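Each chain, written out:
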Amino acid sequence: MYQRIFKNVSFILVFFLMVLMAHAQTVPSPASYLGYQVGTRFTRHHQIVSYFNTVAQARPDMVKIMPYGKTYEGRDLLVAAIGLPENMAKLEQIRKHNNGYVDGSVTDLNQPAIVWLSYNVHGNEPASSEASLLTLFALVDPSNTKTKEWLKNTIVMIDPCINPDGRDRYVNWYNNAVGLQYNADPLAREHMEPWPAGRSNHYNFDLNRDWAWQTQVETQQRIALYQQWYPQVHVDYHEQGYNQPYYFAPAAEPLHEVLTPWQKDFQVQIGKNHAKYFDQNNWLFFTKERFDLLYPSYGDTYPMYNGAIGMTYEQGGISAGLGVQNEDADTLTLVARATHHFTTSLSTIEISAANKENLLKEFKKYYDNSRLGNASPYKTFVMTAKNQHALAALAHLLKKNNIQYGTYNGSFKGFDYASKKEAVFVNEGYTLAVNVAQPHGILARVLLEPITQVNDSNTYDITAWSLPYVYGVHGYASKEALSIQAGFEPNQSPAAPAQYGYLIPYNSFATAKVLAAILHKNIKVRYAEKAFTIGGRQYEAGTLIVLKTSNGENWAAETKAICDAAHVEAVPVASGWADKGADFGSPDVKVIARAPKVAMLTGDQVSSLGAGEVWSFFDQQLNYPITQLNYSNFNRIDILKYDVIIVPEGNYKDLAGKAVTEKLQAFVKKGGVLIALEGSVQQLASNTEWGIKMKEIPKSDKVDINQVSKYGNAVTDYLESSIPGAIYKVYLDETHPIAFGMGGLYYNLKQDMVTYEVSNDYWNAGVIKKDSHVAGFAGVKAKAALQEGVVIGVKEIGAGKLVFMADDPIFRNFWENGKLILSNAIFFNGK
Ligand SMILES: [Zn+2]
């Protein structure tokens, strides 16, 4: 009997050991799978994906891969959910239950917390994806009993790489630059990454600025998955300059006032948990500095405004390669960088598991408050416009953020965004309304409120993004909750067939896209430079006129199809006779005889973000072809082949030099349109040939002995001239084609003190005046400098023109109301 029991026990033991060994064999460590220790080489993205898939195949009971799409360059995007087998068996139930906190349908806290770790959003901050391999293995490694304890209370979601295109751009370049041994000399080529660096995605977009706007495909697909889960904790992994130590939570001021005491306090607990491990290892770190929580489109703030504890962790390491000598005269290795990120990964899971109850309780409370509308002094936001297009675009953005909206047809008195005073709401024709009493009402408030209260102005990013301004629609905010009708659908009945011509009222970026599409079909388009009346209806300047004359057979069907698809109005007309104003044969009606050929400067010396915005705008938004020209080849390129050349923000060598100036001037004089953006305008202006003059910033040379700057006040002094990004109202010359469809006003994002002299030598198409500051921080010196000046100008030179814009009209491609101005500059040239 005894023997038999012993036999059975030993059989069970052997069986158990075999199972363990089978697992140990089938869950390879990163080193055994890759053939090298993590950090001793860079792991290419496809290897990361295949390691994750391999681990998931080995432990399907613990790891579930959720592919969520592809990058622009076709790389796989995925999140791995990791948990104990008993939790993974009911993963879908856990997800639904978690959503119950958001919509208020569940009350019990009886389930694991969700901890979401996002690695490598900036491609050339690559240590974190290496760390993700270690984190995954530590969670499933059967010999790691600690992680199994933590997993009783957590589901861990790992996105090993948010930005695979950027990562591989960096890694493939580094691999080809490094020799047999890495070179720690900071001057070595392997520490000097070429243009465009791997930080950004395919279109050179900073994906850590895109969470709320979702202009890029990586973000769109990731947020769709994120919104199925809504984690309680989210970490965004980064690297900073390699002379910096490690940064982790708690975050720096300014913090948005909607953040709850819990969201701030738990950051401290997390930070202290990390500090414990860093101290044990004598690793340096800093907290509470530099990385604030305000701009809503980061990987820390966006989760915060969605109820999570959102954090940024930063390891020193950009450009460090496999190893570099830093200021401390130490060699910083990729092994060390990955180890630090791995450490904070586990520490985050540990402290989250230990506080699971509180995490869920506070998460639930956050959404309970949001649904009650408690966290906003304004209870309803109402936007109104004369046409539906900008409102439809804004509704689309709200939808992408899970914010509910509707329309409003009543009357009330509230804060008027245009006058910045209390005023009676005036319905301009179409409305879009949002009540903050809804699950994502706090996020709605952050995005829609007219002024963001900033308790500290030393911020990392822009301080104003209020969507009614960004979209150029008239906003009102009510402190009383208004009753709104659910839903907003763009409706435009299809155009009736036309024999003679179509009139297309031109009033929005949607109509500019229609113009681009019609031209792209080789259909000639006319436009009215002045308003006219037909059939008792007034058509404003800029109205597009598509006529049978000089167009091919399909002009009408194609125009109708394009307008119908875009919900854009096209009115058939049977005659070229205008009841009032110019007939269609008048010189006041101009023709765009062919689609303009557009080129842009890019490459070295051009801001990669600035160039990326223009490129993405054409490819993804305007849907119009653009040729990218390398500025370094400029002297060899025949630019006369193009009709429009765009010069993005950049630090150009010789842009104002003799050779380049002569070439560009010849292009313009022959009828070309040169569009200079942001800093490139300053460089052109430095050559008097262009005849545009930057406004001098008033400064006093006298130094008052009682008011000299103090060393310790350096930051405050800097802030006086600082304007990280504020909204300024720009008065447009409504009679100029560049202002077509804008209604005379443009809300401009001002990020510096630069304006141009008011002049009779060019069209002062967009100017700021004393009352132009609308929202956002501007230091006293910056405010003083921005009292009056030209920010959009058009100078006619020979048969062509120079269009200059002091600021960025398509900032991160979400600055909606500038897109029409840039489109106008491209298409309306009056030739
Ligand atoms: Zn980063």
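I will try to describe carefully the structure that is included in this document. In this text, all values refer to a predicted model and were calculated from it rather than measured experimentally.

**Some words on the sheet that holds strand S25 (residues 571-573)**
Reading across from one edge, S25-S20-S24-S21-S26 is the order of the five strands in this open sheet, with antiparallel pairing throughout. Each edge of the sheet is formed by a strand with only one pairing partner; in this case those strands are S25 and strand S26 (589-592). Taking the axes of each pair of neighbouring strands and ignoring which way they run, one obtains an average angle of 30 degrees across the sheet.

**Comments concerning the coordination of the zinc ion**
Within the protein, His122 (ND1), Glu125 (OE), Glu125 (OE) and His238 (ND1) serve as the donor atoms for the zinc ion, at 2.0 to 2.5 Å. In primary-sequence terms, the residues that donate to the zinc ion follow H-x2-E-x112-H. We classify Glu125 as buried; its relative accessible area is 2%.

**Observations regarding the packing of aromatic side chains**
Under the definition given, this model contains 59 aromatic pairs. For the pair Phe415 and Tyr417, a centre-to-centre distance of 5.8 Å together with 75 degrees between the ring planes defines the contact as edge-to-face. For the residue pair Phe415 and Tyr417, the accessibility class agrees, reading buried in each case. Ring centres of Tyr502 and Trp555 lie 6.1 Å apart, and the angle between their planes is 65 degrees; on these two criteria the pair is classed as edge-to-face. Here Tyr502 is found in strand S20 (residues 501-504), whereas its partner Trp555 is found in helix H18 (residues 555-565), with 53 residues between them in sequence.

**Some remarks on the nonpolar core**
Phe52, Val63, Leu467, Phe618, Ile646, Leu674 and Ile675 are the most contacted members of the largest nonpolar core, which totals 246 residues. Considering every element that reaches this core, the biggest residue donor is helix H17 (residues 509-520), with eight residues. Setting aside residues up to four positions removed in sequence, Ile675 forms contacts with Val644, Ile645, Ile646, Val647, Val803, Leu822, Ala825 and Ile826.

**Thoughts on unusual backbone geometry**
Geometrically, the link from Trp195 to Pro196 is a cis peptide bond, its omega value of -20 degrees lying close to zero. Considering the arrangement of structural elements, one finds Pro196 in the loop between helix H8 (164-177) and helix H9 (217-229). Cis peptide bonds are those with omega within 30 degrees of zero, and the linkage from Glu253 to Pro254 qualifies with 0 degrees. Mapped onto the elements, Pro254 comes out in strand S7 (residues 252-255). Backbone geometry at Arg290 places phi at a positive 70 degrees, although glycine is not the residue there. The topology assignment puts Arg290 in the loop between strand S8 (285-286) and strand S9 (292-293). Positive phi values are uncommon outside glycine, yet Ala329 reaches one of about 60 degrees. Looking at where Ala329 falls in the secondary structure, it is placed in the loop between strand S11 (323-325) and strand S12 (331-333).

**So, the side chain of Arg526**
Here Arg526 shows up in strand S21 (residues 525-528). One buried charge, Arg526, has no salt-bridge partner; the nearest side chain with opposite charge is Asp588, at 13 Å. Polar contacts involving the side chain of Arg526 include one to the side chain of Ser550, which spans 3.3 Å. Not counting residues up to four positions away in its chain, the partners in contact with Arg526 are Thr543, Leu544, Ile545, Leu547, Thr549, Ser550, Val589, Lys590 and Val591.

**Focus on helix H20 (residues 658-669)**
Taking 1.5 Å per residue, 12 residues should reach 16 Å; H20 reaches 16 Å between its end C-alpha atoms and fits that length. Looking only at H20, the buried set comprises Val660, Thr661, Leu664, Gln665, Phe667 and Val668. Along the axis of H20, the buried residues cluster in a sector spanning 155 degrees; they form a single face. The exposed residues of H20 that point more than 90 degrees off its buried face are Lys658 and Ala659. Along its buried surface, H20 packs onto strand S29 (644-647), strand S30 (673-677), helix H21 (679-685), strand S35 (789-797) and strand S36 (800-805). One or two positions beyond H20, positive phi appears at Gly671, with a value near 115 degrees.

**As for the packing of helix H5 (residues 91-103) against helix H13 (residues 356-372)**
Between H5 and H13, the shortest axis-to-axis distance is 7 Å and the interhelical angle comes to 40 degrees. The angle between H5 and H13 places the two elements in the oblique class. Every residue of H13 that contacts H5 at Asn98, Tyr101, Val102 and Asp103 is listed here: Leu360, Phe363, Lys364, Tyr367 and Arg371.

**Considerations on the pattern of salt bridges**
According to the stated counting rule, one finds 30 salt bridges in the structure shown. Between Lys530 and Asp588 there is a salt bridge; the shortest N-O distance is 3.6 Å. Residue Lys530 is located in the loop between S21 and strand S22 (532-534), and its partner Asp588 is located in the loop between S25 and S26; the two are separated by 58 residues in the primary sequence. Note on Asp588: relative accessible area 27%, which makes it partly exposed. Via salt bridges that share partners, Glu125, Arg199, Asp206, Arg209, Asp461 and Arg812 belong to a single interconnected network.

The rules behind the values
Residues numbered from 1 in each chain as written. Predicted model: local features only at pLDDT ≥ 70, side-chain atom pairs only at ≥ 80, totals over all residues. Heavy atoms only, no water. Pairing = 2+ DSSP bridges. Helix = DSSP H or I, 4+ residues; strand = E, 2+ residues; numbered from the N terminus. Axes fitted to C-alpha atoms, helices over the stretch in contact; angles between N-to-C directions. Donors = N, O, S within 2.8 Å, 3.2 Å for Na, K, Ca; no water. Buried < 20%, exposed > 50% of the residue type's maximum accessible area, 1.4 Å probe, protein only. Phe/Tyr/Trp six-rings, centres within 6.5 Å; stacked < 30°, edge-to-face > 60°. Core = buried A, V, L, I, M, F, W, Y, C linked by side-chain atoms within 4.5 Å. Contact = heavy atoms within 4.5 Å. Lys, Arg positive; Asp, Glu negative; His and termini not counted. Salt bridge = Lys/Arg side-chain N within 4 Å of Asp/Glu carboxyl O. Polar contact = N/O pair within 3.5 Å; in protein donor to acceptor, adjacent residues only side chain to side chain. Expected span 1.5 Å × (residues − 1). Arc of directions from axis to C-beta. Parallel < 35°, antiparallel > 145°, perpendicular 65-115°, else oblique.

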